Structure formats: structure tokens, C-alpha cells
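# Coordinate analysis (summary)
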Amino acid sequence: MLNREDDRYFPFAAIVGQEAMKTALVLNAVNPEIGGVLIRGQSGTAKSTAVRGLTALLPDVQVVADCPFQCDPEDHRLQCAVCRERIAQGEPLPVIARPRRLVNLPLNATEDRVAGTLDITRALKEGVKALDPGLLADANRGILYIDEINLLDDHIVDILLDAAALGVNVVEREGLSVSHPAQFLLIGTMNPEEGELRPQIADRIGLEVEVAALTDKAQRAEVLKRRESFLAREASDFVKHYRPLQDQLRHTIQLAMARLPHVTVPANLYEAIAALTVKFEVLSHRADITILQCAKAITAVEGRSRVEASDILEAAKLALGHRLPHDPFVAGPALDPIALRRQLEKILDTEIELKKKPLTPTVNP
Ligand SMILES: [Zn+2]
């Protein structure tokens, strides 16, 4: 179970600092219902390193070996029409386990490249078999990574977000419609200096984290040293050195995935989430859902089965920032974590203890 280690990827556990980003990625891996991550920051802040590193931590998936959509052999909700039909005919499907894919979506990708190309003449008879699969098919049950999502064509972003919300890619051409499962973890990065993401789009992505360049001298020196070791000949030693921590993280993620369906939420915390979003004048209900799902994931990662007020607070910090009404003439983050904590304490009429340890075990200098 805990044997896979890919030397090409810089180990996730070796990334210095950037706790909010690492936490947001791990929580989404545990609970896809959170709805993805938007990582904001200048280039050179370990954003893509972290995303690639996350892939190596995820457990393999069982797929129908000869299906272009990598359907789940067991769960019929995650199957295309062809796989369902084969099962209905009593055909035993070939199954393999393979690592989750990391699919990069290039900025110049066309609608056909993303959603797939439909052969109209064949589609009427053959349905989804007439679709030449696109990137959404490749990304099914994996990670879809979009560097500089703020520069992507609005139309393509809409296709991605619709598929992400439904878990299905629907291709419609000339009155014909075919579909296939497309469940993926959406991770976008953006450099705010190159333009903002439309608020309607930002709202549709679960969490948002800000990554800043490290300002601590010791941390920056450590980044340099680890990079050198990874790129140098002793890379395999470097990867080996981080193996126990990587295994620990991998194990934590797997246990949390298994525990997640059993996590319960006390009734007063549902009300607290609603009171919080109303108080902060967040219009979209997606914020409430994301806070709830994120709090459940935090609970599962910490090995508990009941959500607590501090989980709601941590989840709200990750989910609310990009959804607050923002004054464009005021610089800096719209969300004040101290005000958030006070507000939640007031709503629940209790003191909330802050979490002391980061969720992701990493070695910092
Ligand atoms: Zn299939």
C-alpha cells in the first residue's frame, strides 16, 4: 500500500513553509466535495511543485482497463454508457489499478481539446463511442491543473466548472448530446499581478489560498539547499530521506478518506456556519457547503469523527476570503482571521481554541 515513490517529483513533505497551500491541497484530496483550490501568488513560490507532489501521495485508483474514460469498475454512477452496457450484458470488465493522473490544461486549449471531439455522423448510432476523448476524460478521477487560470478563456473556464460541478462532461453538437464521467480535483494557480479572476468564477472554486515568498532567512536558505540536493546526483538519497514522512502523509490521507463518510456534524454547527456567512455578507451558498465539507475533511485528517467549532473556524479561513465583498480601493486580504474567530465565538457563545499543529507533517528548519 505504501510503496510508491516517484523520484521525478520533489517530495511534498520537503516543501518548506506554505502551510495553508499544503493544507488546502491535502483536504481536497481527502474530500473532493470541497470543490478545488485556487492558489494565488507570484511565480517561484512552489505552487506547481506542491501540486505535482500531491499526486504522488494519492492512493491508486481501480479503473476499467480498456475504457478511455477510466470508469470505476464497481460504482455505476462513475461509469460511461459503454461500461454500463457491458456490465448489463454480463461481460467481465478488465480492471487495473493505476496512479491518479495529473493533467495539465494549457492556456491555448480549445473546446474540442478540453471536452473532446464528437464525430456527428457516428454519434447518432454509437453514442459516446463517437467521442474522441479530451482532457476532461484524461482527468477523470485525477487532478486537473491549470496554471494561470486567470488568463484562460472564459468559455473554457465555464466548461471546466460545469463539468467539475456535475462530475460529468456533456458534449453537445448539432442537437446531439453525449456524456461521460468527469470527476476531478480542480487546482488553479494565478498571479494576481497579471489580472484577477472574475468573482463568479472564483466563487465556484472551493478554497483559496495565498502563497507569498518566504521572508525568513533560514527558511529561504533551506529551500535552496533542498533544491540543490534534489537536483544533484544524490537525488535518490534526498527522496529516501523524506520517505518516512511521505509515507506518514500518504497513510494520513488514506485513513482520512476512509473515515470521512463517518464524520458527524452537531446541529448547532450547521447553524453557526449559516450565521457566519450571513454575518460576513457572503451571498453564495457555495461558501456554506465548502465550509462544511472542509471542516469534515479537517476532522477526518485529525483522526476524529465529530466536527468541532475549531474545525469550522479553520475551514472558514480557507473558504471565505475570496467570497467576501471586497473594496477594490483597499489593499490586502478582505478576511481578518481575528475578526472571524471573534464572530464565531460570539455565535456559539464559547471560546474556540486555536489549532497548534499544522495538518501536514513537514520538516521546517
Ligand atoms: Zn467507461
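Residues numbered from 1 in each chain as written. Predicted model: local features only at pLDDT ≥ 70, side-chain atom pairs only at ≥ 80, totals over all residues.

Regarding its fold elements, the chain presents 14 helices and 11 strands. For 365 residues, the compact-globule estimate of 2.2 N^0.38 gives 21 Å, and the chain sits close to it at 21 Å. The buried share of the chain, reckoned over its 365 residues, is 41%. (Helix = DSSP H or I, 4+ residues; strand = E, 2+ residues; numbered from the N terminus. Rg over C-alpha atoms; globule rule 2.2 N^0.38 Å. Buried ≥ 20, exposed ≤ 12 C-beta atoms within 10 Å, placed from the backbone.)

This part covers the environment of L176. Following the sequence through the fold, L176 ends up in strand β9 (residues 176-181). Separated by 52 residues in the primary sequence, L176 and L124 place their C-alpha atoms 7.3 Å from one another. Once residues within four sequence positions are removed from consideration, L176 is found in contact with L118, I120, A123 and L124. (Contact = placed C-beta atoms within 7 Å.)

Here we come to the packing of helix α11 (residues 267-279) against helix α13 (residues 309-320). The N-to-C vectors of α11 and α13 enclose an angle of 30°; their axes lie 11 Å apart at closest approach. One finds that α11 runs roughly parallel with respect to α13. Crossing of α11 over α13 shows right-handed handedness. Residues L269, A272, I273 and L276 of α11 form the contact with α13, whose participating residues are A309, I312 and A316. (Axes fitted to C-alpha atoms, helices over the stretch in contact; angles between N-to-C directions. Parallel < 35°, antiparallel > 145°, perpendicular 65-115°, else oblique. Left-handed = near helix turned anticlockwise from the far one by under 90°.)

Another point: helix α2 (residues 47-55). Turning to α2, its buried residues are K47, A50, V51, G53, L54 and T55. Where α2 is buried, its residues meet α1 (19-30), β1 (37-40), β4 (102-104), β7 (143-146) and β10 (185-190).

Another point: the sheet that holds β7. Strand order in the open sheet made by the 5 strands is β4-β7-β10-β1-β11, with parallel pairing throughout. Looking at which strands have only one partner, the edges of the open sheet turn out to be β4 and β11 (207-210). Strand-to-strand twist across the sheet, computed as the mean angle between neighbouring axes with direction ignored, equals 20°. Where β1 and β11 come together, 4 bridges link them in parallel fashion. Pairing of I39 across the sheet is with V209, part of β11. Contacting β1, β4, β7 and β10, α2 runs over the sheet at an angle of about 170° to β7. (Pairing = 2+ DSSP bridges.)

What follows concerns unusual backbone geometry. In this model, Q18 sits at a positive phi of 55°, which is unusual for a non-glycine residue. Position of Q18 relative to the elements: it lies in the segment before α1. We note that E281 has phi near 55°; this positive angle belongs to a residue other than glycine. One can find E281 in the loop between α11 and α12 (286-301). We classify E281 as exposed; it has 9 C-beta atoms within 10 Å.

Another point: the packing of α13 against helix α14 (residues 337-348). Where α13 contacts α14, the axes come no closer than 10 Å and their chain directions differ by 145°. Relative to α14, the crossing made by α13 is right-handed. Between α13 and α14, the residues in contact are A309, I312, L313, A316 and K317 and P337, L340, R341, L344 and L348, respectively. By residue class, the composition of the contact of α13 with α14 is 8 nonpolar, no polar and 2 charged. (Nonpolar A, V, L, I, M, F, W, Y, C, P; charged D, E, K, R; others polar.)

Here the focus is the nonpolar core. Judged by nonpolar contacts, the single largest core of 100 residues is most densely connected at I291, C294 and I312. Of the residues forming this core, the biggest block, 9 residues, is contributed by α12. Composition of this core by domain shows at least three residues from each of domain 1 (12-60 + 99-210) and domain 2 (263-348). (Core = buried A, V, L, I, M, F, W, Y, C linked by C-beta atoms within 7 Å. Domains from an automatic or database assignment.)

You'll often see interface size given as the accessible area lost when the parts meet. Domain boundaries assigned for the chain yield domain 1 (12-60 + 99-210) and domain 2 (263-348). One C-alpha centre belongs to domain 1, the other to domain 2, and the line joining them spans 24 Å. Opposite the 17 residues of domain 1 that make contact, domain 2 presents 16 residues. Elements that contribute at least two residues to the side of domain 1 that touches domain 2 include exactly α1, α8 (199-203) and β11. Of the residues assigned to the side of domain 1 that touches domain 2, the class counts are 9 nonpolar, 3 polar and 5 charged.

Locating L58 in the fold gives a position in the loop between α2 and β2 (61-64). Residue class for L58 comes out buried when judged on the 20 C-beta atoms lying within 10 Å of it. With 28 residues separating them in the primary sequence, L58 and V30 have C-alpha atoms 9.1 Å apart. Not counting the four nearest positions on each side in its chain, L58 is found in contact with A29, R100 and I253.

Burial along β1 is two-sided: the face carrying V37 and I39 and the face carrying L38 and R40 are both buried. In the sheet, β1 pairs with β10 via 4 bridges, with the strands oriented parallel. Counted as the bridge partner of V37 is I187 from β10.

Moving on, we come to the environment of R204. Tracing the backbone shows R204 in the loop between α8 and β11. Put simply, R204 and G36 are 168 residues apart on the chain and 8.8 Å apart in space, counted from C-alpha to C-alpha. Residues in contact with R204, not counting those within four places in the same chain, are L161 and R286.

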